[in-house]
Amino acid sequence: MLLSGGIDSATALYLTKKTKPVRALSFEFKGIAESELRSAKSIANLAGVLEHRILRLPDLREAGDIPGFRLAGRPRSYIPLRNSVFYSLAASVAEETGADTIVGGHNKDDQEVFEDVSSQFFTPLQAALRAASPVLRRDRLRIVRPLRDLPKPEVIKLGTSLQVPLELTWSCHRDMKEHCWRCDGCRSRRRAFMEAGIPDPIGGNL
Ligand SMILES: [Zn+2]
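Bear in mind that the values here come from a model prediction, so they are computed numbers and not experimental data.

Participant: Account for the coordination of the zinc ion, naming residues and giving values.
Facilitator: Around the zinc ion, the protein contributes the donor atoms Cys 172 (SG), Cys 180 (SG), Cys 183 (SG) and Cys 186 (SG), at 2.3 to 2.4 Å from the metal centre. Here the zinc ion binds four donor atoms, and the angle range of 105 to 114° at the metal identifies the geometry as tetrahedral. When the donors of the zinc ion are listed by position in the chain, the intervening gaps give C-x7-C-x2-C-x2-C. Residue Cys 172 is found in the loop between α7 (152-161) and α8 (184-196), and its partner Cys 186 is found in helix α8; the two are separated by 14 residues along the sequence. There is no split in this pair, since Cys 172 and Cys 186 are both buried.

Spelled out as structure tokens, the structure:
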């Protein structure tokens, strides 16, 4: 499964590991917050995954790091064709390791912002990946998104019930020791915990 260090993927990981062993896959792209990778490592370790693999893509950039106006209007943290790239790489790992399912932690809110977390994207991608590999076809590779119908506050409630270590998750887009509480990621985290009626273990409600 794809693990970013955020609340959603950590919750999807804990939900998935209830029923099957999990390999976690993270991506180290240009400008990723070190704290986010550190969170992913801590969460994977605590969850007892079979393997936590970190694929390094040092030349893959976020929109905020791309000069010019070509990607104007996209969120700063958007990576061009992000999920086309990430899920193809996840399928490569699946073909190598024998995994028959790729799990993504996208929640309902994500689908309102990004087109590449929709069924219109994932259904043909799954078909294309199977078409590309007799191994994936035989294993009937599936891409699943267990949080797809849950808005973020509901994900937090679910994560709390699954005892996800929310104190280890990282939501900030900046590479700082602690959350900045000013960027989009931090503001979304604060709002979601408040709407869930659950105190953020790292103090974002203060
Ligand atoms: Zn922040």
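Participant: Talk me through the environment of Ser 35; I want residue IDs and the actual numbers.
Facilitator: Counting through the fold element by element, Ser 35 comes out in helix α2 (residues 34-47). What makes Ser 35 buried here is its relative accessible area of 4%. Residues Ser 35 and Ala 132, spaced 97 residues apart in sequence, show a C-alpha to C-alpha distance of 35 Å. Those residues within four positions of Ser 35 in sequence are excluded, and the remaining contacts are Trp 170, Asp 175 and Met 176. Among the polar contacts made by the side chain of Ser 35, one reaches the main-chain carbonyl oxygen of Met 176 at a distance of 2.7 Å.

Participant: Lay out the nonpolar core in plain terms, naming residues and giving numbers.
Facilitator: If you look at the biggest cluster of nonpolar residues, it comprises 25 residues, and the most contacted ones within it are Leu 3, Leu 13, Tyr 14 and Ile 156. At the level of secondary structure, the elements contributing two or more residues to this core comprise α1 (7-16), α2, α7 and α8. Take this core: its biggest share by element is five residues, from α1. Apart from residues lying up to four places away in sequence, Leu 13 is in contact with Met 1, Leu 3, Val 22, Ile 43, Ala 44, Ala 47 and Val 49. Counting 23 residues, the second-largest nonpolar core is a separate cluster that includes Phe 27, Phe 29, Leu 37 and Ile 102.

Participant: Provide a residue-level description of the packing of α1 against α2, including the pertinent values.
Facilitator: Orientation of α1 relative to α2, taken along the N-to-C sense of each, is 15°, at an axis distance of 11 Å. With respect to α2, the element α1 is oriented roughly parallel. Handedness of the crossing formed by α1 with α2: right-handed. Residues Ala 10, Leu 13 and Tyr 14 of α1 touch α2, and the partners they reach there are Ile 43, Ala 44, Leu 46 and Ala 47.

Participant: So what's going on with the pattern of salt bridges? Which residues, and what values?
Facilitator: Considering all chains together, one arrives at nine salt bridges under this definition. Note that Lys 157 is salt-bridged to Glu 154, the shortest N-O span being 3.2 Å. Of this pair, Lys 157 and Glu 154 both sit in helix α7, three residues apart, roughly one helical turn. The partly exposed category is assigned to Lys 157, whose relative accessible area is 35%. Under the relative-accessibility criterion, Glu 154 is labelled partly exposed at 33%. Put simply, Arg 189 and Asp 200 hold a salt bridge, and the shortest N to O gap is 2.6 Å. Within this pair, whereas Arg 189 is found in helix α8, its partner Asp 200 is found in the segment after α8, the two being separated by 11 residues in sequence. Here Arg 189 matches Asp 200 in class, with each residue buried. Via salt bridges that share partners, Arg 23, Glu 51, Arg 53 and Glu 96 belong to a single interconnected network.

Each value, and the rule that gives it
Residues numbered from 1 in each chain as written. Predicted model: local features only at pLDDT ≥ 70, side-chain atom pairs only at ≥ 80, totals over all residues. Heavy atoms only, no water. Donors = N, O, S within 2.8 Å, 3.2 Å for Na, K, Ca; no water. Tetrahedral: all angles 85-135°; square planar, octahedral: opposite > 155°, others 65-115°. Helix = DSSP H or I, 4+ residues; strand = E, 2+ residues; numbered from the N terminus. Buried < 20%, exposed > 50% of the residue type's maximum accessible area, 1.4 Å probe, protein only. Contact = heavy atoms within 4.5 Å. Polar contact = N/O pair within 3.5 Å; in protein donor to acceptor, adjacent residues only side chain to side chain. Core = buried A, V, L, I, M, F, W, Y, C linked by side-chain atoms within 4.5 Å. Axes fitted to C-alpha atoms, helices over the stretch in contact; angles between N-to-C directions. Parallel < 35°, antiparallel > 145°, perpendicular 65-115°, else oblique. Left-handed = near helix turned anticlockwise from the far one by under 90°. Salt bridge = Lys/Arg side-chain N within 4 Å of Asp/Glu carboxyl O.

Distances and angles like these do not, on their own, reveal function.
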